[in-house]
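Residue strings, one per chain:
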Amino acid sequence: MRRLPLGHLEASECGMIVIENLTGKHLSVNPTQQEKILLEKRIVEVRTTVPDTNPWLIRPGCFFFAESSIVDGILLSCPIEDTVCKVHLFPR
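K.L.:
Let's hear about the sheet that holds strand β1 (residues 2–3): which residues, and what values?
P.N.:
Read from one edge of the open sheet, four strands run β1-β6-β3-β4, paired in antiparallel fashion. Of all the strands in the sheet, the pair left with one neighbour each is β1 and β4 (56–58). Where β1 meets strand β6 (residues 74–77), two bridges bridge the pair, whose relative direction is antiparallel. Within the sheet, the bridge partner assigned to Arg-2 lies in β6 and is Leu-76.

K.L.:
Let's hear about the sheet that holds strand β2 (residues 14–21): which residues, and what values?
P.N.:
In any sheet, the strands associate via hydrogen bonds between backbone groups, in a parallel or an antiparallel arrangement. As summarised here, the arrangement of the three strands in space is β5-β2-β7, forming an open sheet in which the pairing is antiparallel. Bordering the open sheet on either side are β5 (63–67) and β7 (85–91), each of which pairs with just one other strand. Strand-to-strand twist across the sheet, computed as the mean angle between neighbouring axes with direction ignored, equals 10°.

K.L.:
I'd like to hear about the packing of aromatic side chains, residue by residue, with values.
P.N.:
In the structure shown here, the tally under the stated rule is two aromatic pairs. A centroid spacing of 6.0 Å and a plane angle of 25° characterise the contact between Phe-63 and Phe-65, whose relative ring orientation is stacked. We note that Phe-63, like Phe-65, is exposed.

K.L.:
Give me the pairing of β2: which residues, what numbers.
P.N.:
Most of β2 sits out of view: seven of its eight residues are buried. Examined bridge by bridge, β2 and β7 share six bridges and lie antiparallel to one another. Bridging across to β7, Glu-20 finds its partner in Lys-86. As paired elements, β2 and β5 share five bridges and run antiparallel to each other. The residue bridging Val-18 from the neighbouring strand is Phe-65, located in β5.

K.L.:
So what about the nonpolar core? Which residues, and what values?
P.N.:
Counting residues in hydrophobic clusters, the biggest one holds 13 residues, and the most contacted among them are Leu-4, Ile-17, Ile-19, Val-46, Ile-58, Leu-76 and Leu-89. For this core, the secondary structure elements donating two or more residues are β2, β3 (44–48) and β6. The biggest single contributor to this core is β2, with three residues. Discounting residues that sit within four places of it in the chain, Ile-17 has contacts with Leu-4, Phe-64, Phe-65, Ala-66, Ser-68, Val-71, Ile-74, His-88 and Leu-89.

Criteria and thresholds
- Residues numbered from 1 in each chain as written.
- Predicted model: local features only at pLDDT ≥ 70, side-chain atom pairs only at ≥ 80, totals over all residues.
- Heavy atoms only, no water.
- Pairing = 2+ DSSP bridges.
- Helix = DSSP H or I, 4+ residues; strand = E, 2+ residues; numbered from the N terminus.
- Axes fitted to C-alpha atoms, helices over the stretch in contact; angles between N-to-C directions.
- Phe/Tyr/Trp six-rings, centres within 6.5 Å; stacked < 30°, edge-to-face > 60°.
- Buried < 20%, exposed > 50% of the residue type's maximum accessible area, 1.4 Å probe, protein only.
- Core = buried A, V, L, I, M, F, W, Y, C linked by side-chain atoms within 4.5 Å.
- Contact = heavy atoms within 4.5 Å.

Here you go:
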């Protein structure tokens, strides 16, 4: 699990958060059924530091957006390591 990368912004400056799971985008060939099953398992989990809360799941090709008051308390996790995601942070 990693903290949400804030780049050059301070946590208090962050407004909108967009996290996009890029896994499986722009494939040069059609994946086989077995490859499709493996791609579907590359999920990004978005958690908070609040105890006993379930994560939000971002499936391949999907995105998550929110405006959070606890940006520095957001954690990202990818159960399968080669999952690719892009994080966009917009200032308030």
